[in-house]
Amino acid sequence: MYKRLKQILAPKGMERTPEQQKRVDEQTASLILYHFPACPFCHIVRREMRRLSLDIPQRNIQQSRVWHKELLRGGGKGQVPCLRIKDNKGERWMYESDAIIKYLRKRFGG
Ligand SMILES: N[C@@H](CCC(=O)N[C@@H](CS)C(=O)NCC(=O)O)C(=O)O
């Protein structure tokens, strides 16, 4: 019971082989999560990132006006969480915790 509670509160990240994790790390390096610590929706996304063992760079918009402006300029609004995605299709700014979690699960498994 205690173990289960611990899993729920602080889920252990999924395990990959070192090669698989390296490939995932290379991909997550081109993502950025705009967030701030006290935002409950951001918390849910960060927890899912931990569960999926994703080392996505994070920008706390309360820590830097530059990052806040980056989000406003790029995504069009200051709402967090927002995931900036850069891939061969270009740059996208994804809002909504549900959509972000769905995207991460689809792309990185779990
Ligand atoms: N439905 C959104 C809600 C996100 C939300 O309400 N974020 C708040 C912080 S907890 C926010 O950014 N508010 C400021 C704004 O919308 O500009 C989600 O699930 O991501």
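The model shown is predicted, which means the values in this text are computed figures rather than measured ones.

A.B. asks: Quick rundown of the nonpolar core? Include the residues and the values.
C.D. replies: By size, the foremost hydrophobic cluster in this structure holds 16 residues, and its most contacted members are L31, M49, L54, I56, L83, Y103 and L104. No other element matches helix α5 (residues 97–108), which puts five residues into this core. In this structure, M49 is in contact with L33, L54, I56, Q58 and L104, ignoring residues within four places of it in sequence. In terms of nonpolar packing, the next biggest core, distinct from the first, is built from ten residues, Y34, C39, L71 and C82 among them.

A.B. asks: Go over the site of the ligand, please, and point to the residues and values.
C.D. replies: Around the ligand, the structure places F36, C39, P40, F41, G78, Q79, V80, P81, E96 and S97. Note that a nitrogen atom of the ligand is positioned 2.6 Å from one of the side-chain N or O atoms of E96. Within the side chain of S97, one N or O atom sits 2.6 Å away from an oxygen atom of the ligand. The fraction of the free accessible surface of the ligand (510 Å²) that becomes covered by protein chains is 64%. Along the lines of polarity and charge, the residues of the shell around the ligand split into six nonpolar, three polar and one charged.

A.B. asks: If you had to explain the packing of aromatic side chains to someone new, which residues and values would you point to?
C.D. replies: Enumeration over the complete set of coordinates arrives at one aromatic pair. Between the aromatic rings of Y34 and W93, the centroid separation amounts to 5.4 Å while the plane-to-plane angle is 40 degrees, which identifies the pairing as tilted. Of this pair, Y34 sits in strand β1 (residues 31–35) while W93 sits in strand β4 (residues 90–95), placing them 59 residues apart in sequence. For the residue pair Y34 and W93, the accessibility class agrees, reading buried in each case. Just above the ring of Y95 sits the side chain of K77; from NZ or CZ to the centre is 4.8 Å.

A.B. asks: Tell me about the packing of helix α3 (residues 40–51) against α5, and name the residues and values.
C.D. replies: Between α3 and α5, the shortest axis-to-axis distance is 9 Å and the interhelical angle comes to 10 degrees. As judged from the angle between their axes, α3 and α5 are roughly parallel. Between α3, through F41, I44, V45, E48, M49 and R51, and α5, the contact on the second element is made entirely by S97, I100, I101, L104 and R105. For the contact of α3 with α5, the per-class residue count stands at seven nonpolar, one polar and three charged.

Analysis parameters
Residues numbered from 1 in each chain as written. Predicted model: local features only at pLDDT ≥ 70, side-chain atom pairs only at ≥ 80, totals over all residues. Heavy atoms only, no water. Core = buried A, V, L, I, M, F, W, Y, C linked by side-chain atoms within 4.5 Å. Buried < 20%, exposed > 50% of the residue type's maximum accessible area, 1.4 Å probe, protein only. Helix = DSSP H or I, 4+ residues; strand = E, 2+ residues; numbered from the N terminus. Contact = heavy atoms within 4.5 Å. Near = heavy atom within 4 Å. Polar contact = N/O pair within 3.5 Å; in protein donor to acceptor, adjacent residues only side chain to side chain. Areas by Shrake-Rupley, 256 points an atom, 1.4 Å probe, with all protein chains shown as cover. Nonpolar A, V, L, I, M, F, W, Y, C, P; charged D, E, K, R; others polar. Phe/Tyr/Trp six-rings, centres within 6.5 Å; stacked < 30°, edge-to-face > 60°. Lys NZ or Arg CZ within 6 Å of the ring centre and 35° of its normal. Axes fitted to C-alpha atoms, helices over the stretch in contact; angles between N-to-C directions. Parallel < 35°, antiparallel > 145°, perpendicular 65-115°, else oblique.

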